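Chain by chain, the residues run as shown.
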Amino acid sequence: MITTAAISDIRDQVNAWRIKGETVAFVPTMGNLHQGHITLVNRALKQADHVVVSIFVNPLQFGKNEDLGAYPRTLAADKQALVDAGAALLFTPTPETIYPKGLDKQTFIEVPEIGDELCGASRPGHFRGVATVVNKLFNIVQPDMAFFGNKDFQQLLVIKTMVADLSLPINIIGVETIREPSGLAMSSRNGYLTAEEKINAAALKQALDQMALSIQQGESIIEASQHATASLIEAGFTPDYLEVRNSSNLQPVNAEDKSLVIVAAAYLGKARLIDNLTFDR
Ligand code: PAF
């Protein structure tokens, strides 16, 4: 695996593949890789000749009081995991390479509406930071396709919307959430949980499962949400939001909607965990 922090190296290598007619898949990450990320690489390798991964803890998507400084950085272990998984090229740019003029003078990508609610409302500017860096990384790598985890359900929709709105010739592929045996969705932020919190964290997925079942059995969305919220609080969570939305566009549910998603964000100790569950009613 070639590892580089230089944009020109990425362009040269990807061009060399393109000249030979070979396809390129891209997996953007912030590092501290777990099985969820490796599943993205595995899936990408099934569909493309070469897989490019980026590791960049993007300062633009963190709020002032968020965990940018504390975000886990484990480059040596990440590199080994990517070599083992079969990635061909790893891009590890510095913030100066991505934002040479600094964050304040950077051109931004705003994805309206979908980027403004749920996590966008709780973390103002977050999706502007995500869309901007993903757009920059797409322009640097110029992949045929890019892979993102379904766990970040809203992020995936923001990126799909950006790609459609800006007519980017990139196929965006969502990949299933990988979970711990307890049901807890894998996330780099799980590392903030104490051993006891990690056990209690399984309550998030359990609450989503129970909520979907109750709605399918005829309970109203409002009542099902109240019960799920109570179970989260009992497990030690401080819920941020817990909502049922239309799964194709994340709009509020109307009476005709059949394909739904429960999206949730909740704090447990130092971690802000997110999860989601799609289901039909
Ligand atoms: O999901 C992530 O790890 C990040 O939001 C992403 C897509 C790599 C952009 O920084």
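Structure first, text after, so check above.
Residues numbered from 1 in each chain as written. Predicted model: local features only at pLDDT ≥ 70, side-chain atom pairs only at ≥ 80, totals over all residues. Heavy atoms only, no water.

### Overview of the packing of aromatic side chains
The description of an aromatic ring pair uses the distance of the two centres, along with the angle that the planes make with each other. Counted under the stated rule, the structure contains four aromatic pairs. Between F56 and Y99, the aromatic rings sit 6.2 Å apart at their centres with planes inclined by 50°, giving tilted as the arrangement. Residue F56 is found in the loop between β3 (50-55) and α3 (75-85), and its partner Y99 is found in the loop between α4 (95-98) and α5 (119-122); the two are separated by 43 residues along the sequence. You can call Y99 buried: its relative accessible area is 4%. Taking the centre distance of 5.8 Å and the plane angle of 80° together, the rings of F62 and Y71 count as edge-to-face. An identical accessibility class is assigned to F62 and Y71; each is buried. One aromatic cluster is present, formed by F26, F138 and F148 through successive ring pairs. Residue placement shows R128 over the ring face of F108; its charged tip is 4.0 Å from the ring centre. (Phe/Tyr/Trp six-rings, centres within 6.5 Å; stacked < 30°, edge-to-face > 60°. Helix = DSSP H or I, 4+ residues; strand = E, 2+ residues; numbered from the N terminus. Buried < 20%, exposed > 50% of the residue type's maximum accessible area, 1.4 Å probe, protein only. Lys NZ or Arg CZ within 6 Å of the ring centre and 35° of its normal.)

### Considerations on the site of the ligand
Within the structure, the ligand sits among P28, T29, M30, N58, Q61, V133, V134, F148 and Q155. Note that an oxygen atom of the ligand is positioned 2.6 Å from one of the side-chain N or O atoms of Q61. At 2.7 Å, a side-chain N or O of Q155 approaches an oxygen atom of the ligand. Coverage of the ligand by the protein chains reaches 87% of its 290 Å² of free accessible surface. Where the shell around the ligand is concerned, the elements lending two or more residues are β2 (24-29) and α6 (126-141). Looking at the shell around the ligand residue by residue, the class counts come to five nonpolar, four polar and no charged. (Near = heavy atom within 4 Å. Polar contact = N/O pair within 3.5 Å; in protein donor to acceptor, adjacent residues only side chain to side chain. Areas by Shrake-Rupley, 256 points an atom, 1.4 Å probe, with all protein chains shown as cover. Nonpolar A, V, L, I, M, F, W, Y, C, P; charged D, E, K, R; others polar.)

### Here's the deal with the nonpolar core
Nonpolar side chains in soluble globular proteins tend to be buried together. Within the largest apolar cluster, 43 residues are counted, with the highest numbers of intra-cluster contacts made by F138 and I172. Where this core is concerned, the elements lending two or more residues are α1 (7-19), β2, β4 (89-91), α6, β5 (145-149), α7 (153-165) and β8 (259-268). Per-element tally for this core: the top contributor is α6, with nine residues. Look past the residues within four positions of F138 in its chain and what remains in contact with it is F26, P143, A146, F148, I159, M162, V163, L168, I170 and I172. (Core = buried A, V, L, I, M, F, W, Y, C linked by side-chain atoms within 4.5 Å. Contact = heavy atoms within 4.5 Å.)

### Regarding empty space enclosed by the protein
All told, the structure shown has one cavity of 30 Å³ or more when counted by the stated rule. Quantified by volume, the largest cavity comes out at close to 60 Å³. Contributing to the lining of the largest cavity are K151, L184, A185, S187, N190, A201, L204, K205, L273, I274 and D275. Among the elements of the structure, α9 (202-216) and β9 (271-280) are those that each provide at least two residues to the lining of the largest cavity. Of all the elements, β9 adds the most residues to the lining of the largest cavity, at three residues. Classifying every residue of the lining of the largest cavity by side-chain character gives six nonpolar, two polar and three charged. (1 Å grid on protein atoms, 1.4 Å probe; cavity = no way out; pocket = protein on both sides within 12 Å on 5 of 7 lines; lining within 4 Å. Points joined across faces, edges and corners; volume = space filled by probe spheres on them.)

### With respect to unusual backbone geometry
With phi around 65°, E113 is a residue other than glycine that occupies positive phi space. Of note, E113 is situated in the loop between α4 and α5.

### What about the sheet that holds β8?
What holds strands together in a sheet is hydrogen bonding between their backbones, with the strands either parallel or antiparallel. As summarised here, the arrangement of the three strands in space is β7-β8-β9, forming an open sheet in which the pairing is antiparallel. Two strands in the sheet have a free side with no partner beyond their single neighbour: β7 (238-246) and β9. Recorded for the sheet is a direction-independent mean angle of 10° between the axes of neighbouring strands. Strand direction decides the pairing type here: β8 and β9, joined by 10 bridges, are antiparallel. Opposite A264, over in β9, you have D275 as the bridge partner. (Pairing = 2+ DSSP bridges. Axes fitted to C-alpha atoms, helices over the stretch in contact; angles between N-to-C directions.)

### Re the side chain of N246
With respect to the helices, strands and loops of the structure, N246 is situated in strand β7. The class for N246 is buried, based on a relative accessible area of 11%. A polar atom in the side chain of N246 sits 3.3 Å from the backbone nitrogen of N249.

### Re the packing of α6 against α7
Close contact between α6 and α7 brings their axes to 10 Å; oriented N to C, the two are set at 55°. In terms of their interaxial angle, α6 and α7 are classed as oblique. Crossing of α6 against α7: the hand is right-handed. Of α7, the residues touching α6 (which contributes F127, V130, A131, V134, N135 and F138) are Q154, Q155, V158, I159, M162 and V163. Looking at the contact of α6 with α7, its residues break down into nine nonpolar, three polar and no charged. (Parallel < 35°, antiparallel > 145°, perpendicular 65-115°, else oblique. Left-handed = near helix turned anticlockwise from the far one by under 90°.)

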